[in-house]
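# Coordinate inspection notes
The chain contents come next:
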Amino acid sequence: MSQNLTQEERQRRGARKTALIVAVVAFGIFLFTIYSTYKQ
Amino acid sequence: MATTTSDVQIDIDAHDAHHGPEKGLLRWVKTTNHKDIGTLYLWFAFTMLLIGGAMAMVIRAELFQPGLQLVEPQFFNQMTTLHGLIMVFGAIMPAFVGLANWQIPLMIGAPDMALPRMNNWSFWILPFAGVMLLSTLFMKGGGPAFGWTFYAPLSTTFAPESTDFFIFAIHMLGFSSIMGAINIIATVMNMRAPDMKLMDMPLFVWTWLITAFLLIAAMPVLAGAVTMMLTDRNFGTSFFDAAGGGDPVMFQHIFWFFGHPEVYIMILPAFGVISQIIPTFARKPLFGYSSMVYATASIALLSFVVWAHHMFLTGMPIAGQMYFMYATIMISVPTGVKVFNWVTTMWRGSLTFETPMLWAIAFVILFTIGGFSGLMLGIAPADIQYHDTYFVVAHFHYVLVTGALFSIIAAVYYWLPKWCGRMYNEKLARIHFWWAVISVNVLFFPQHFLGLAGMPRRIPDYATQFADFNMISSIGGFAFGSSFLLLTYIIVSCIRSGEPIEDERVWESAKGLEWTVATPAPYHTFNEPPQKDKILSESSHVGAH
């Protein structure tokens, strides 16, 4: 199945994964900022 | 013959390449095209630059002579606050995102950004956030007047009601920046032409990739700070309220943990722009490409461990002062590498001085002045003298105006002919350059002297001993401000009636994949990724392959 994907579609699938990981990291930093200030 | 999925996909792409943009205003609302969105970002940034610039004119008019002339002190404070916020979040950052949108896909041989619909959303949040921020000026109690650093408790306990709107605007601006950064990371990491390795990428792409990681690490911290401000103001928490067990100094730590990387968010893409322009007009490959990449990464890492040099006078142990002083001074090493490489690229080159090159050279000289005054401010005992004076104002305006803004103007002169297929008026552009570069120094250089003599920042009135340099600075300010009217005319007349260009390579010695597509850049580009030999022959550096 994946062998039939175009180069661009393969790239876009990878890009969506990268975006998701980066977004989760960003949200984690946001939560950690508030949590660590609270713990102070 | 059987048709495979990939054949169908290629047919769809081929069809897609033929249709142009939608007609009418809805094109701009619904667009997912990176060039359209880049254009939107750039016009938005330019509009905000003019609004923020108008506020700067109010500030300089009030400071033209001692005494209170034109505005109330409270309104003056609102002007300094909103001028800073609008220039940082509304002008410089969106302008660089606009340049990234236009150039990154073209430079890495990608058909578009990785997440085009999110790209549309990232942009369209901005005008609403900008209007919300500006609307605070018309609310009861006036707009935010606590400075762009919005220290607690000025921004919590003692702030006007409009501060909640300011907080929401900052949330939206931050959200837009984070989405923009996610898109750039995903695009650069995943959408490059398959044969382009990381060390084949142009410097502008490298600097933006590193900037995007800075944004991902820094902007959520800002979002956390304003969220805690919001709950302190409205939901009874005491994150920054000493009376409830909180700590207002913690706000300063959190703000500057965001704020110092923010400075590099605004200057690293500028380094990228200059690293593209200088090789073109020196007709030499960029000197020390890989050292430029490593220097950029080093600056980015160091930017997270120096934040408290903004807080030497807030109070910290002597060991803390020593650490933050030396860590700050260390940043001059990778920055020096960059300046050395730019100068060495020009060394014995066949230099010509078209307008983008003039701006790039002005950047190298004037940004270095801003860097040197930054070093002076980073020395803890000296900072006791300089802190909160006009010396600081002079320093960061050399970095952000003659640094970041100059690089944006250089980039627009450099790439505008490729974008619109027309050449700007070179004679007017040179007049604009000399007008701006002289006036900006008349505006900001005397502020060093004012600061050294002890004039505090963020005041609407001052002792008569500061009168002469303030008058000179204001005259420079009015001249520099009016230079943007000429820039507006040059850009608009270029787009509407500039001399048409048909050469793909607008500048004869320019290297890069963006110069291999037609001029003006077609609506859709790189439906087929460029091949290895083309990528290597268009590389503006040597040694990476």
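Residues numbered from 1 in each chain as written. Chains lettered and ligands numbered in written order. Predicted model: local features only at pLDDT ≥ 70, side-chain atom pairs only at ≥ 80, totals over all residues. Heavy atoms only, no water.

### Topic: the interface of chain A and chain B
- Opposite the 22 residues of chain A that make contact, chain B presents 30 residues.
- Summed over both sides, the interface between chain A and chain B buries roughly 2200 Å², with carbon and sulfur atoms accounting for 74% of that surface.
- When the buried area of chain A at its contact with chain B is split by residue, Gln11(A), Arg12(A) and Thr37(A) rank highest and sum to 23% of it.
- In this structure, the connection of chain A to chain B is made through zero salt bridges. (Contact = heavy atoms within 4.5 Å. Buried area = accessible area lost by both parts, 1.4 Å probe. Salt bridge = Lys/Arg side-chain N within 4 Å of Asp/Glu carboxyl O.)

### Brief notes about the packing of aromatic side chains
All names here are of chain B.
- Under the definition given, this model contains 48 aromatic pairs over all chains.
- Aromatic side chains Tyr 398 and Phe 444 sit 6.5 Å apart centroid to centroid with 65° between the ring planes, which places their arrangement in the edge-to-face category. A residue pair is termed long-range when its members are at least 10 positions apart, and Tyr 398 in helix 14 (residues 390–420) and Phe 444 in helix 15 (residues 426–452) qualify at 46 residues. For the pair Tyr 398 and Phe 444, one class covers both residues: buried.
- A network of ring pairs unites the aromatic residues Phe 89, Phe 146, Trp 148, Phe 150, Tyr 151, Phe 166, Phe 239, Phe 240, Phe 251, Phe 255, Trp 256 and Phe 258 as a single cluster. (Phe/Tyr/Trp six-rings, centres within 6.5 Å; stacked < 30°, edge-to-face > 60°. Helix = DSSP H or I, 4+ residues; strand = E, 2+ residues; numbered from the N terminus. Buried < 20%, exposed > 50% of the residue type's maximum accessible area, 1.4 Å probe, protein only.)

### Here's the deal with the confidence of the model for chain B
Residues and elements named next belong to chain B.
- Residue-level pLDDT values for chain B average 94, and 96% of them are 70 or greater.
- This stretch, residues 1–17, has a pLDDT under 50; its non-local contacts, to residues over four places away or in other chains, come to eleven contacts.
- Confidence metrics for the complex model read pTM 0.94 and ipTM 0.91. (pLDDT = per-residue confidence, 0-100.)

### Thoughts on the pattern of salt bridges
- Applying the stated criterion across every chain, the model contains ten salt bridges over all chains.
- Residue Arg16(A) pairs with Glu9(A) through a salt bridge whose shortest N-O separation is 3.3 Å.

### Here we look at the environment of Phe478(B)
Residue and element names in this part refer to chain B.
- Residue position: Phe 478 is located in helix 16 (residues 467–497).
- By relative accessible area, Phe 478 is classed as partly exposed at 32%.
- Distance in space between the C-alpha atoms of Phe 478 and Leu 443 is 8.5 Å, their sequence separation being 35 residues.

### With respect to the side chain of Lys418(B)
Residues and elements named next belong to chain B.
- With respect to the helices and strands, the residue Lys 418 is situated in helix 14.
- Glu 504 is the oppositely charged side chain nearest to the buried, salt-bridge-free Lys 418, at an N-O distance of 6.6 Å.
- Here Val 517 takes part through its backbone oxygen, which lies 2.8 Å from a polar atom of the side chain of Lys 418.
- Leave out the neighbours within four places in its chain, and Lys 418 touches Glu 504, Val 506, Glu 514, Trp 515, Val 517, Ala 518, Thr 519, Pro 520 and Ala 521. (Lys, Arg positive; Asp, Glu negative; His and termini not counted. Polar contact = N/O pair within 3.5 Å; in protein donor to acceptor, adjacent residues only side chain to side chain.)

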